[in-house]
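Take a look at the letters that make up each chain.
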Amino acid sequence: MALATPLGISASDVAALRAAARQTLRANRRRVPLADGRLLHFSCPSPGHYPFQWFWDSAFHAVALAHVEQEAAREELLLLFSAQQDDGFIPHVVFWDRRQLLRSQLYWCWMQSRGFGLPRSSALIQPPVIAAAVERYVQVTGDVDLARQLLPCLDRYFTWLGRVRGSASDGLLTIIAPWESGMDHKPSYDMALGLDTPAPPRQVILEPRMVDIANRAAGYRNALTRRGRFRVVDVLVNAVYVDGLRSLGRLHQLTGPAEAAWDQQAAATERALIARCRGKDGFFYDLDRRTGRQISVRTVGGLCALLLDGLDGEAAAPLLNALADPAAFALPFPAPSVAAGEPAFVPGAQHWRAGPLIWRGPTWINTNWLLIRALRRRGLHLQADSLARASASLVLGAGFREFYHPYSGEGLGARSFGWSTLIVDMLAGV
Ligand code: GLC
């Protein structure tokens, strides 16, 4: 008889998922000889589609690797921080293997970076999950030494975020291109791009490129947060930022001495997020900085406000209701990236010419991981377990894919996709 784990998944399925996760991250592994003589490795998100080191993908890979290959998790984090710049900034993509640039990615890399010649890294950010990832790595492995080594770098990175991307008026981070949230074509951006939603696929693909061209022409200057063509207070980015500030506070406490400033900043930022992004119906909506208005499209990003410790039970209820509502997020394979009732919701794959439209309906494993983290912190273990089981059935059924059909569970997008291995952390529980 197969033994069942606390989540009701058989021990043999859990073992198979762990082995497959390890194998996938190994297959995606790339070696990087650094100028200082160190040789480090990272796992790219997917060898076919994404050959470089992406910021939040790497953070998620480190969380999964902490369970199955600790040394590889350490290297993944060390390599990511090796790309940190003098002012504290960490790019959203580091183009380690520059031969790949010439093969397929030249337009993207060049448009998203500064200067001339072949870029080394992008000039954009991604959601700052890195602090939560380091904290989780330490919880899983007990390797406090690495936390001690990385904490000054994390401090510098979060200081940079607050100083450069945080608004002087409310402290909330502004993103200057859709790619910065990691949720490229999320339909709330249709309106932030000056389009109606749902915008025609052609415009969904082309309009962000106009933003890239304008940002590049402006040299990706910091002032783009005040004057750029695309300026959004993204709920997921800011909720992850607050969560990261709290992780920083706890990591300082762990390694000593404690540092109260991060918690104070978390509390202030979370108050601002609640004041500015909570809609009349209690759901959380991205804010268009150009108009000062909320963009009323319900996406999984809004649900991530559940990460805010300062959101009390009453204020969290509309989000939890939406998560449990079959007309919104409670689909057979939750949680879809867009609520099912939204006009822009498309559950399957969508393309315009060669380009895929992503984050407009399918379910992604990394946002489920964020939601499970939030639910567990709120003590909502039944809901967290149920989302972990749904995520496991997606991966057991379709393998490590980039995203999944929320009605059929079909695997979609890139194959051998790194962060879907987060399932091993979800199954490991609290
Ligand atoms: C896509 C995703 C982004 C991710 C990247 C690499 O652009 O939208 O979040 O980091 O692929 O996997």
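Keep in mind that this is a model prediction, so the values were computed, not measured.

What counts as what
Residues numbered from 1 in each chain as written. Predicted model: local features only at pLDDT ≥ 70, side-chain atom pairs only at ≥ 80, totals over all residues. Heavy atoms only, no water. Helix = DSSP H or I, 4+ residues; strand = E, 2+ residues; numbered from the N terminus. Rg over C-alpha atoms; globule rule 2.2 N^0.38 Å. Contact = heavy atoms within 4.5 Å. Areas by Shrake-Rupley, 256 points an atom, 1.4 Å probe, with all protein chains shown as cover. Expected span 1.5 Å × (residues − 1). Buried < 20%, exposed > 50% of the residue type's maximum accessible area, 1.4 Å probe, protein only. Near = heavy atom within 4 Å. Polar contact = N/O pair within 3.5 Å; in protein donor to acceptor, adjacent residues only side chain to side chain. Nonpolar A, V, L, I, M, F, W, Y, C, P; charged D, E, K, R; others polar. Phe/Tyr/Trp six-rings, centres within 6.5 Å; stacked < 30°, edge-to-face > 60°. Lys NZ or Arg CZ within 6 Å of the ring centre and 35° of its normal. Core = buried A, V, L, I, M, F, W, Y, C linked by side-chain atoms within 4.5 Å. Pairing = 2+ DSSP bridges. Axes fitted to C-alpha atoms, helices over the stretch in contact; angles between N-to-C directions. Parallel < 35°, antiparallel > 145°, perpendicular 65-115°, else oblique. Left-handed = near helix turned anticlockwise from the far one by under 90°. Patch = residues over 30% accessible without salt bridge, like charges linked within 9 Å, V, L, I, M, F, W, Y side chains within 5 Å. Salt bridge = Lys/Arg side-chain N within 4 Å of Asp/Glu carboxyl O. pLDDT = per-residue confidence, 0-100.

1. Brief notes about the overall build of the protein chain
Stage number 1. A count of helical and extended segments in the protein chain gives 16 helices and eleven strands.
Stage number 2. By the compact-globule yardstick of 22 Å for 430 residues, the protein chain fits well, its C-alpha radius of gyration being 20 Å.
Stage number 3. The contacts in the protein chain between residues at least 6 apart in sequence include a share of 68% that link residues at least 24 apart.
Stage number 4. Carbon and sulfur atoms form 53% of the exposed surface of the protein chain, whose accessible area is close to 16400 Å².

2. Focus: helix α14 (residues 365–377)
Stage number 1. The end-to-end C-alpha distance of α14 is 18 Å, a good match for the 18 Å that 13 residues give at a rise of 1.5 Å each.
Stage number 2. For α14, the full list of buried residues reads I365, N366, T367, N368, W369, L370, L371, I372, R373, A374, L375 and R376.
Stage number 3. G379, located one to two residues past α14, shows a positive phi value of around 80°.

3. A short note on the site of the ligand
Stage number 1. Neighbouring residues of the ligand: P45, Y50, W54, W56, D57, Q126, G182, D184, I358, W359, F417 and W419.
Stage number 2. For the ligand, an oxygen atom lies 2.9 Å from a polar atom in the side chain of W56.
Stage number 3. The contact in question runs from an oxygen atom of the ligand to an N or O atom on the side chain of D57, over 2.6 Å.
Stage number 4. Across the complex, the protein chains shield 95% of the 300 Å² of accessible surface that the ligand would expose by itself.
Stage number 5. Its residues assigned to classes, the shell around the ligand comprises eight nonpolar, two polar and two charged.

4. As for the packing of aromatic side chains
Stage number 1. Following the criterion strictly, the structure yields 22 aromatic pairs and no others.
Stage number 2. Ring geometry for Y157 versus F158: centroids 5.7 Å apart, planes at 85°, classification edge-to-face. Neither residue differs from the other here; Y157 and F158 are each classed as buried.
Stage number 3. Counting every residue linked through ring pairs, the aromatic cluster contains Y50, F52, W54, W56, F60, F95, W359, W364, W369, F403, F417 and W419.
Stage number 4. Positioned above the aromatic ring of W110, the side-chain terminus of R216 is 3.7 Å from the ring centre.

5. Here's the deal with the nonpolar core
Stage number 1. Of all hydrophobic cores here, the largest spans 141 residues; its most connected members are I130, L154 and F158.
Stage number 2. Residues contacting F158, with those up to four places away along its chain left out, are P128, I130, A131, Y241, G244, L245, L248 and W262.
Stage number 3. Ranked by size, the runner-up nonpolar core spans six residues in total, among them V93, F95, L101 and C109.

6. Some details on the pairing of strand β2 (residues 39–43)
Stage number 1. Pairing of strand β1 (residues 29–33) with β2 involves five bridges; the strand directions are antiparallel. Directly across from P33, in β2, lies its bridge partner L39.
Stage number 2. The turn linking β1 back onto β2 is made up of five residues, and G37 within it adopts a positive phi angle of 95°.

7. Thoughts on the packing of helix α2 (residues 55–68) against helix α3 (residues 70–82)
Stage number 1. One way to put it is that α2 packs onto α3 with a least axis distance of 7 Å and a crossing angle of 160°. By the angle between their directions, the pair α2 and α3 is classed as roughly antiparallel. Here α2 and α3 pass one another in a crossing that is left-handed. Residues F55, S58, H61, A62, L65, A66 and V68 of α2 form the contact with α3, whose own contacting residues are Q70, A72, A73, E76, L77 and L80.
Stage number 2. Considered class by class, the residues forming the contact of α2 with α3 number nine nonpolar, three polar and one charged.

8. A few points about the sheet that holds strand β6 (residues 287–288)
Stage number 1. Sheet architecture is open: three strands sit in the order β5-β6-β7, paired in antiparallel fashion. Of all the strands in the sheet, the pair left with one neighbour each is β5 (232–233) and β7 (293–294).
Stage number 2. Summarising the sheet, β5 and β6 pair through two bridges and their orientation is antiparallel. From the neighbouring strand, V233 faces β6, where its bridge partner is L287.

9. Section: the environment of P347
Stage number 1. Mapped onto the secondary structure, P347 falls in the loop between α13 (313–324) and β8 (350–352).
Stage number 2. Judged by relative accessible area, which is 22%, P347 ranks as partly exposed.

10. Side note on the packing of α14 against helix α15 (residues 381–398)
A pair of packed helices can be characterised by two numbers: the angle between their axes and the separation between those axes.
Stage number 1. Running from amino to carboxyl end, α14 crosses α15 at an angle of 160°, the nearest separation of the two axes being 8 Å. Accordingly, the angle class assigned to the pair α14 and α15 is roughly antiparallel. Crossing geometry of α14 relative to α15 is assigned as left-handed. Every residue of α15 that contacts α14 at I365, N368, L371, I372, L375 and R376 is listed here: H381, Q383, A384, D385, L387, A388, S391, L394 and V395.
Stage number 2. Across the contact of α14 with α15, the residue classes break down as nine nonpolar, four polar and two charged.

11. Describing a nonpolar patch on the surface
Stage number 1. Together, L102, L106, W110, F116 and L118 line one region of the surface with nonpolar side chains, adding up to about 530 Å² of accessible area.
Stage number 2. The residue L102 is located in helix α4 (residues 99–111) in this model.
Stage number 3. Here L102 falls in the exposed class, since its relative accessible area comes to 58%.

12. Regarding the pattern of salt bridges
Stage number 1. Scanning the model with the defined rule gives 24 salt bridges in all.
Stage number 2. Shared partners join several salt bridges into a network, and the residues in it are E135, D243, R246, R250, E270, D309, R373 and R377.

13. So, the confidence of the model for the protein chain
Low pLDDT marks stretches whose predicted atomic positions should not be read closely.
Stage number 1. Considering every residue of the protein chain, the mean pLDDT works out to 96; 99% of them sit at 70 or more.
Stage number 2. Predicted confidence in the protein chain is weakest over α4, with a mean pLDDT of 81, and strongest over helix α12 (residues 300–303), with 99.

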